[in-house]
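Letter by letter, the chains look like this.
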Amino acid sequence: MLRANEARDGQGLLLAHSLLVVLCLAAGYLAHLNSRPVTTALALVFAVVLVAARYGLRLGIAAGIAVSISYNLFFSAPFLRFSLRSIDDLVPLIAFNLSAVASAYLAGRLRDEARLSQIARERVDLLLSFSQNLQKAIDAIDMLLVARGSGGIEAIELHLDDGRIIAP
């Protein structure tokens, strides 16, 4: 049941981002009508970056290709015909896809760092819990019981004041 909800939510997000790409295309078209080619390109790059950052490299590149084809068809001459005859036709294709790759890479790195940060936080929480439980222990036996019951700690050695070492 949970997976079905997650899939539905994922499809809803994909639809929302697709609509955002269409809105960026519409904004680009309005900018194009007002002779603002840079604004057109920026609106389209924004759409590509957003999709790539959210969905990763494959969908980012797909968005980059779709936007570059749209740009070529609707915003560069000859209109409504795909053409790669000049550098002006090739640069948007490269720029949109490079921005997709870069933003997908950065988003992936950010996700990895967030995951590593979560792991580190869980380890610190484990040590804090262990420390708090250890402070409640009255004698060495209690300390050993706390260590055994604190999932994640594999070995413990108690060094007593009289020089004895307790290592179960």
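All values derive from a computational prediction rather than experimental measurement. (Residues numbered from 1 in each chain as written. Predicted model: local features only at pLDDT ≥ 70, side-chain atom pairs only at ≥ 80, totals over all residues. Heavy atoms only, no water.)

(A) Summary view of the overall build of the chain. Helices and strands together make up the secondary structure of the chain, namely five helices and two strands. Beginning at the N terminus, the succession of helices and strands in the chain can be written as α-α-α-α-α-β-β. A buried classification covers 26% of the 168 residues belonging to the chain. Nonlocal contacts in the chain, meaning residues at least 24 apart in sequence, comprise 50% of its contacts between residues at least 6 apart. In the form shown here, the chain has an accessible surface area of approximately 11,800 Å², with 65% of it arising from carbon and sulfur atoms. (Helix = DSSP H or I, 4+ residues; strand = E, 2+ residues; numbered from the N terminus. Buried < 20%, exposed > 50% of the residue type's maximum accessible area, 1.4 Å probe, protein only. Contact = heavy atoms within 4.5 Å. Areas by Shrake-Rupley, 256 points an atom, 1.4 Å probe, with all protein chains shown as cover.)

(B) Highlighting a nonpolar patch on the surface. Where nonpolar side chains cluster on the molecular surface, the patch consists of Ile65, Ile69, Phe82, Leu84, Ile87, Leu90, Val91, Ile94 and Leu98 and spans about 790 Å² of accessible area. Listing elements by their share of the nonpolar patch, those giving two or more residues are helix H3 (57–74) and helix H4 (87–135). As for its placement among the helices and strands, Leu90 is situated in helix H4. Relative accessible area serves as the criterion here: at 34%, Leu90 is assigned to the partly exposed category. (Patch = residues over 30% accessible without salt bridge, like charges linked within 9 Å, V, L, I, M, F, W, Y side chains within 5 Å. Salt bridge = Lys/Arg side-chain N within 4 Å of Asp/Glu carboxyl O.)

(C) Spotlight on the packing of aromatic side chains. As enumerated under the stated definition, the model contains one aromatic pair in all. Ring geometry for Tyr71 against Phe96: centres 5.8 Å apart, planes inclined by 75 degrees, an arrangement best described as edge-to-face. Here Phe96 lies in helix H4 and Tyr71 lies in helix H3, a separation of 25 residues in the sequence. A relative accessible area of 14% places Tyr71 in the buried class. You can call Phe96 buried: its relative accessible area is 2%. (Phe/Tyr/Trp six-rings, centres within 6.5 Å; stacked < 30°, edge-to-face > 60°.)

(D) Spatial organisation of empty space enclosed by the protein. Within the structure shown, the criterion is met by one cavity of 30 Å³ or more. Within this model, the largest cavity holds a volume of roughly 30 Å³. If you trace the largest cavity, you find it lined by Ser68, Asn72, Phe82, Leu84, Asp89, Pro92 and Leu93. Of all elements in the fold, only H3 and H4 reach the threshold of two or more residues within the lining of the largest cavity. No other element matches the three residues that H4 contributes to the lining of the largest cavity. (1 Å grid on protein atoms, 1.4 Å probe; cavity = no way out; pocket = protein on both sides within 12 Å on 5 of 7 lines; lining within 4 Å. Points joined across faces, edges and corners; volume = space filled by probe spheres on them.)

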